[in-house]
Amino acid sequence: MNDLTTPHAIKPERFDDAAAAVKRLHEIYDASTARLREAFRAYVGGKAPAVRIRACYPQVTITVTGFGRRDTLLSYGFVDRPGTFSTTVTRPDLFHAYLLEQLDLLIRNHRVPLEVGVSETPIPVHFAFPDAMHVEGELTRESIRQMRNLFDLPDLTEMDDSIVNGTAVIPAGKAHPLSLFTAPRVDYSLFRLKHYTATSSDHFQNFVLFTNYQFYIDEFVRYAQELMRGDGGGYTAFVEPGDHVTKPGDAPQPHHPMRLPQMPAYHLTMPDHSGITMVNIGIGPSNAKTITDHIAVLRPHAWVMLGHCAGLRNTQKLGDYVLAHGYVREDHVLDADLPVWVPVPALAEIQVALERAVGDVTGLDGQGVKGVMRTGTVATIDNRNWELRDYREPVQRFSQSRAIALDMESATIAANGFRFRVPYGTLLCVSDKPLHGELKLPGMADAFYRQQVGQHLKIGIRTMERLRALGLDTLHSRKLRSFDEVAFQ
């Protein structure tokens, strides 16, 4: 009997139409996951399968025989040399529009058909269920122990970032990667996103704001609820942790989850995912790396850090903005993935959008903007109590680097944006000046938050609106692509 869910069961099919190819990916994925869910539910009910149950991810492949391709201004959508290129695919329902664009570009740029079939990569049974479902919840300890003998479980060897990091070694005769992420890596991150943010991956938008303070989230919630009281201002819904949805015209209801997740996420959604997601990542580079590791698989169009920083120059005032054009990476969480000698450059498209958004919101012109915003290097460290070290040591390093601000997240977010080819930027607000005796004490901080958070958030939102209007051909520039790059955005 032919089985669409295991490799070699049927031959791959060739497609010169992206919509038909994506439809086939849906069919294979749906059949594979349904097979796993059916067998696992029987197992939970006490009916163990007689043989091991395996289903595999769908796969898309392209073979290019020459160097010729259509000229394109896009930085993605093509392979740069002859050969065979392939990727496994998961959640075609979530990535439908993304897959349609990527496959259509490949067909048009190379004028060759694609092959869609079943890969040899097994789907872990956990990933066949909706994101974050706890499949072992109804099993006994003995049944859990036996699962490995009957089903495929998550395998970390299939989930590393060697493609992203440029360290993957492709054996002779094997296909080169089409995508930065394998299907198991994507599934793992989708599950982690639900865990860390308490919202489904379906709600995440392509323009992402990060912050390190709940005050910004409170202001974002107020802003979103005001939109929902009216016609939505172009947004179709506001989603809060717990997947609590408010639609335009609804009277916003108080929503207080029993337990907030580690990094709660809030979403102003649009049908094409071009809305805005905001995440409170808390404090520290570990959280900053964790959340961007997982959001990256959704292939967002941009992410920007909005937060507070220590101003390092005596000429800065509390409430001044800092637009990062360079970073000192003393966060250390990415050293093994992106060596510190790799420069993380400022991206012109993001920088211009941020600077113009400051002018839009403050009403200031070019020279006026310079009076409230300074462009310079941001140093990111992993020690919140750096002030307690020998005073001379940090001052010397900051001076040598020309840093004008200090925080614990921005360089991490920018470096992971560089690593994952996601356009990135940073706009911070000076909340204290520890080198000059202006410490972040409760009374001073409360007054500062009341005055600046609302304006800072509006600048972040206006930046995303400007970036959305740019178009993908401008936003996804070649600056983030390597000379040995995958075809998918």
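Residues numbered from 1 in each chain as written. Predicted model: local features only at pLDDT ≥ 70, side-chain atom pairs only at ≥ 80, totals over all residues. Heavy atoms only, no water.

Right, let's talk about the overall build of the protein chain for a bit. The helix and strand inventory of the protein chain stands at 13 helices and 15 strands. Against the compact-globule benchmark of 23 Å for 489 residues, the protein chain has a radius of gyration of 24 Å, which places it among compact chains. Taken over the C-alpha atoms alone, the protein chain extends approximately 75 × 55 × 50 Å along its principal axes. Across the 489 residues that make up the protein chain, the buried fraction comes to 55%. The long-range share in the protein chain, meaning contacts at least 24 apart out of those at least 6 apart in sequence, stands at 82%. For the protein chain, the accessible area works out to roughly 21800 Å², and carbon and sulfur atoms hold 52% of it. (Helix = DSSP H or I, 4+ residues; strand = E, 2+ residues; numbered from the N terminus. Rg over C-alpha atoms; globule rule 2.2 N^0.38 Å. Buried < 20%, exposed > 50% of the residue type's maximum accessible area, 1.4 Å probe, protein only. Contact = heavy atoms within 4.5 Å. Areas by Shrake-Rupley, 256 points an atom, 1.4 Å probe, with all protein chains shown as cover.)

Counted according to the given criterion, the structure contains 27 salt bridges. A salt bridge links E226 to R229; the nearest nitrogen and oxygen atoms lie 3.1 Å apart. Of this pair, E226 and R229 both sit in helix α6 (residues 214–229), separated by three residues, roughly a single helical turn. The exposure class assigned to E226 is exposed, which follows from its relative accessible area of 52%. The class of R229 is partly exposed, set by a relative accessible area of 48%. Note that K289 is salt-bridged to D293, the shortest N-O span being 2.6 Å. (Salt bridge = Lys/Arg side-chain N within 4 Å of Asp/Glu carboxyl O.)

Where helix α1 (residues 18–44) meets helix α2 (residues 96–110), the axes come as close as 8 Å, and the angle between the chain directions of the two elements is 135°. Taken together, the axes of α1 and α2 are oblique relative to one another. Relative to α2, α1 is oriented so that their crossing is right-handed. Note on element contacts: α2 touches α1 through H96, L99, L100, L103, D104 and I107, opposite A18, A19, A21, V22, L25 and H26. Across the contact of α1 with α2, the residue classes break down as nine nonpolar, two polar and one charged. (Axes fitted to C-alpha atoms, helices over the stretch in contact; angles between N-to-C directions. Parallel < 35°, antiparallel > 145°, perpendicular 65-115°, else oblique. Left-handed = near helix turned anticlockwise from the far one by under 90°. Nonpolar A, V, L, I, M, F, W, Y, C, P; charged D, E, K, R; others polar.)

Turning next to the packing of helix α5 (residues 183–197) against helix α7 (residues 285–295). Taken N-terminus to C-terminus, the directions of α5 and α7 make an angle of 130°; their axes are 8 Å apart at the nearest point. In terms of their interaxial angle, α5 and α7 are classed as oblique. Remark: the crossing between α5 and α7 carries left-handed chirality. Contact residues: R185, Y188, S189, R192, L193, Y196 and T197 in α5; T290, I291, D293, H294 and I295 in α7.

Here we come to α7. Here α7 lies mainly inside the structure; 10 of its 11 residues are buried. Residues of α7 that are buried: P285, N287, A288, K289, T290, I291, T292, D293, H294 and I295. Residues of α7 that are buried in the fold lie against α5, β6 (207–211), β10 (276–280), β11 (302–311), β13 (373–381) and α11 (410–420).

One open sheet holds the five strands; their spatial order is β1-β4-β2-β3-β5, and the pairing between them is mixed. Of all strands in the sheet, those bounded by a partner on one side alone are β1 (13–15) and β5 (176–177). Looking at chain direction, strand β2 (residues 56–64) and strand β3 (residues 83–88) are connected through six bridges and run antiparallel. Bridge pairing links V64 to G83 in β3. Against the sheet, α2 touches β1, β2 and β4 (114–122), its axis set at about 20° to β2. Its contacts with the sheet place α5 against β2, β3 and β4, and it is angled at close to 130° to β2. (Pairing = 2+ DSSP bridges.)

So, about the nonpolar core. Within the largest apolar cluster, 111 residues are counted, with the highest numbers of intra-cluster contacts made by L103, F210 and W303. For this core, the leading source of residues is α6, giving seven residues. The next biggest cluster of nonpolar side chains, apart from the first, holds 19 residues, and it includes I53, V125, M159 and A183. (Core = buried A, V, L, I, M, F, W, Y, C linked by side-chain atoms within 4.5 Å.)

This next bit is on the pairing of β11. In terms of burial, β11 is a largely internal element, 10 of the 10 residues being buried. Bridge count between β6 and β11: five bridges; the pairing is parallel. Looking across to β11, one finds that T211 is bridged to L306. Inspection of the sheet shows β11 paired to strand β15 (residues 424–432) by eight bridges, in the parallel sense. Of the residues in β15, the one forming a bridge with H308 is C429. In the sheet, β11 pairs with strand β14 (residues 403–407) via two bridges, with the strands oriented antiparallel. Counterpart to A310 in the pairing with β14 is L406.

Two faces belong to every sheet, and in a regular strand the side chains alternate between them. Taken across its 10 residues, strand β12 (residues 321–330) has seven buried, putting it largely inside the fold. Sheet analysis places β12 next to β13, joined by nine bridges and oriented parallel. Within β13, the residue paired with E330 across the bridge is I381. In terms of strand pairing, β12 meets β15 through three bridges, oriented antiparallel. What sits directly across from V322, in β15, is L428.

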